[in-house]
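# Remarks on the overall topology
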Amino acid sequence: MPETPPTLLDVGVSLLRRTTSGRVLLARCANVVHADLLPDQLRGPVRKELEDAYAAVAVPLAPTVVEKATQGVKKVSQEPLAVTPTAQVHAAELDGEPVAVKVARPGVAATIRGELSLLDILAGPIRMVFGALDVAGVLSELREAVMDELDLEHEGDTQSQVRRALRRLDAVAVPGVHLDECSAGLLVTERLEGPTLAEAPAADPAKVARLLVEAHLTAWSGAGLVLTDARPSHVLLRSDGSIGLLGTGLARPVARDRAAVAVRAFAGLADEDPAGFVAAASELGVLPEADATAAHALLRELLGEFATGPARLDGPALAEMSARASRRVGGLLALGAKVTPEPADLAALRMLVQLTATLSRLEVTEDWPALVTRASIGRNQP
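Numbering of residues starts from 1 in each chain and follows the order in which that chain's sequence is written. With the structure being a predicted model, the display of local features is reserved for residues of pLDDT at least 70 and the display and counting of side-chain atom pairs for 80 or more, all residues being used for whole-chain, interface and lining totals. Excluded from the side-chain calculation are hydrogens and water; included are all heavy atoms of the structure.

## Looking at the sheet that holds strand 7 (residues 235–237)
Whether two strands pair depends on DSSP finding at least two bridges between them. Secondary structure elements are taken from DSSP: a helix is a run of H or I of four residues or more, a strand is a run of E of two residues or more, and numbering for both begins at the N terminus. Pairing in this open sheet of three strands is mixed, and the strands run 4-8-7 from one edge to the other. Every interior strand has two partners, whereas the edge strands, strand 4 (172–173) and strand 7, have only one. The sheet contact formed by strand 4 and strand 8 (residues 243–245) spans two bridges and is parallel. Bridge assignment links Val172 to a residue of strand 8, and that residue is Ile243.

## Remarks on the sheet that holds strand 5 (residues 186–190)
Read from one edge to the other, the open sheet built from four strands follows the order 1-2-3-5, with strand pairing classed as antiparallel. Looking at the sheet topology across the chains shown, the edges are occupied by strand 1 (82–83) and strand 5. Sheet topology places strand 3 (residues 97–104) next to strand 5; five bridges connect them, and they run antiparallel. Within strand 5, the residue paired with Ala100 across the bridge is Thr189. Contact criterion: two residues are considered in contact whenever any of their non-hydrogen atoms come within 4.5 Å of each other. Angles here are taken between N-to-C directions and fall from 0 to 180 degrees, while the axes themselves are lines fitted to C-alpha atoms, restricted in helices to the stretch in contact. Helix 8 (residues 152–166) contacts strand 3 and strand 5 of the sheet and is inclined by roughly 25 degrees relative to strand 5.

## Remarks on a negative patch on the surface
A patch is a set of surface residues, each over 30% in relative accessible area and not in a salt bridge, joined within 9 Å for like charges and within 5 Å for the nonpolar side chains Val, Leu, Ile, Met, Phe, Trp and Tyr. Under the convention used here, a 1.4 Å probe and the Shrake-Rupley method define accessible areas, while residue burial counts only the protein chains that appear. Salt-bridge detection follows one rule: a side-chain nitrogen of Lys or Arg within 4 Å of a carboxyl oxygen of Asp or Glu. The positive count covers Lys and Arg only, the negative count covers Asp and Glu only, and His and the chain ends enter neither. A single reference atom marks each charge: NZ on Lys, CZ on Arg, CG on Asp, CD on Glu. On the surface, Asp95, Glu97, Asp180 and Glu181 cluster together into a patch of negative charge. Within the secondary structure, Asp95 is located in the loop between strand 2 (87–94) and strand 3.

## Brief notes about the pattern of salt bridges
Counted by the stated rule, this structure contains 25 salt bridges. Arg258 serves as the salt-bridge partner of Glu342, at 3.3 Å between the closest nitrogen and oxygen. Placement of Glu342 in the loop between helix 15 (329–336) and helix 16 (345–360) and of Arg258 in helix 10 (residues 257–268) is noted, with a sequence separation of 84 residues between them. Relative accessibility decides the category of a residue: with a 1.4 Å probe and only protein chains considered, values under 20% of the type maximum give buried, values over 50% give exposed, and everything between is partly exposed. When its relative accessible area of 40% is taken as the criterion, Glu342 is described as partly exposed.

## Description of the pairing of strand 10 (residues 310–313)
Side chains of strand 10 alternate between two faces, with Ala311 and Leu313 buried and Pro310 and Arg312 left unburied. Sheet topology places strand 10 next to strand 11 (residues 364–367); four bridges connect them, and they run antiparallel. Residue Leu313 lies in a different strand from strand 11, and its bridge partner there is Val364.

## What about the side chain of Thr358?
By the secondary structure assignment, Thr358 is in helix 16. A relative accessible area of 0% means that Thr358 is categorised as buried. Within the local environment of Thr358, its side chain forms a polar contact with the backbone oxygen of Ala230, the two atoms lying 3.4 Å apart. If we skip the residues at most four places from it in the chain, Thr358 touches Leu197, Leu212, Ala230, Arg231, Pro232 and Val235. In protein, a polar contact requires one atom able to donate a hydrogen and another able to accept it; more generally it is a pair of N or O atoms within 3.5 Å, and residues adjacent in sequence count only if both atoms are side-chain atoms.

## Observations concerning the nonpolar core
One broad trend across soluble globular proteins is that nonpolar side chains are buried collectively. Residue types Ala, Val, Leu, Ile, Met, Phe, Trp, Tyr and Cys, when buried and joined through side-chain atoms within 4.5 Å, form a set referred to as a nonpolar core. Leu166, Leu212, Leu245, Leu359 and Leu362 are the most contacted members of the largest nonpolar core, which totals 56 residues. Of all the elements, helix 9 (residues 205–223) adds the most residues to this core, at eight residues. Setting aside anything within four residues of it in sequence, one finds Leu166 in contact with Val172, Val174, Ala215, Thr218, Ala219 and Leu245. With eleven residues, the next largest nonpolar core counts Val11, Ile126, Leu133 and Val138 among its residues.

## What about unusual backbone geometry?
For Lys75, which is not a glycine, the phi torsion comes out positive at approximately 50 degrees. Mapped onto the fold, Lys75 is located in the loop between helix 4 (63–69) and strand 1. Positive phi outside glycine occurs at Asp95, with the angle close to 55 degrees. The exposure class of Asp95 is exposed, given its relative accessible area of 73%.

## Considerations on the environment of Leu355
The topology assignment puts Leu355 in helix 16. Classification of Leu355 by relative accessible area gives buried; the value is 10%. For Leu355 and His216, which are 139 residues apart along the polypeptide, the C-alpha to C-alpha distance reads 8.7 Å. Among residues more than four places away in sequence, those in contact with Leu355 are Leu212, His216 and Ala230.

## Points about the confidence of the model for the protein
The predicted model of the protein averages 90 in pLDDT, with 95% of residues at 70 or higher. Known as pLDDT, the predictor's per-residue confidence is scaled from 0 to 100. For the stretch residues 1–5, pLDDT sits under 50, and the model shows one contact to residues farther than four places along the chain or on other chains.

## Describing the packing of helix 11 (residues 275–284) against helix 12 (residues 289–303)
As a packed pair, helix 11 and helix 12 sit with axes 9 Å apart at the nearest point and diverge in direction by 125 degrees. With respect to their mutual orientation, helix 11 and helix 12 come out oblique. By crossing handedness, the relation of helix 11 to helix 12 is classed as right-handed. On helix 12, the residues touching Phe277, Val278 and Ala281 of helix 11 are Glu289, Ala292, Thr293, Ala295, His296 and Leu299. Each residue is assigned to one class: nonpolar for Ala, Val, Leu, Ile, Met, Phe, Trp, Tyr, Cys and Pro, charged for Asp, Glu, Lys and Arg, and polar for all the others, Gly among them. Tallied by class, residues from the contact of helix 11 with helix 12 come to six nonpolar, two polar and one charged. In this scheme, roughly parallel covers angles under 35 degrees and roughly antiparallel covers those over 145, while 65 to 115 is roughly perpendicular and the rest are oblique. In this scheme the handedness of a crossing depends on how the near helix is turned from the far one: anticlockwise by less than a right angle means left-handed, clockwise means right-handed.

Pasting the structure below:
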């Protein structure tokens, strides 16, 4: 009797556990996926997996490594501001001004680049689940995204672009980048003051939620840059009520015109008539008309009140949504076999998932389709 082909989940979990890149990915998820987001049966095992991975790879760098990498700056703090799986951040000074220096973890970039060929192992299982997907294009996009994220000089260039794109938003700040001081292993930026959303509650959660949605839509529709790494530790709560956004240098390029169409698709879920959603899905080229109609019904069921009006977005609400999805996995897989997104759309999906998880920390009740539509309209007004 022939062996059963390995499932996408089996192969994916195996790669995550036995490769450096997999452990880094799990560790990065640890700061995004908090316990309340998970259904009860997954909460303990998943959290343990993520926390174990973080403990294994987010080890503080030796002081000599930091000293060698930051020779061009002054007064580098001994204690790091942040320790991540791929880098470490310290407070410092440059020309008398406060800066943050991000030092790449030695050897990680080379190791992960060497493992990127292992992504080809996923090609077969992905085709089994997502039969219409451009698998080669998707894997190529993943490789490029990983290589760009490991290059701190590239991160600095991208952050500068995002800063220009968001400067029209008075209550959103992106740290300026000292490009002349940056290299593949070092990023030097302006240092903004204030606790992060991971460290303190927002004084005005509804305002922060609105600003986050507006900033992400502005970057995409205005500059063609999708902010992929929204996480509570990247949202600074400033004393004047504005917010600072860190991690914007990890943005990915996605066609600007797809932003407005994606907003129309989301807004179309609020209507029982699927026509608006189907038209947007067709324009995006992600689903045939008949399948888009089925997707409209299924997504409305999974999203519940989030699709139709005001709803409280918090951890328990997302956990309940996940539970509903687990009960409709057959329908989701059937649609998954038909979807044909552009490879770059993966960045938009990542943005949606991480931004939603971050917004859930604010525990705001909002008419989310209306908020997204207002932010989109506001972005396109002169």
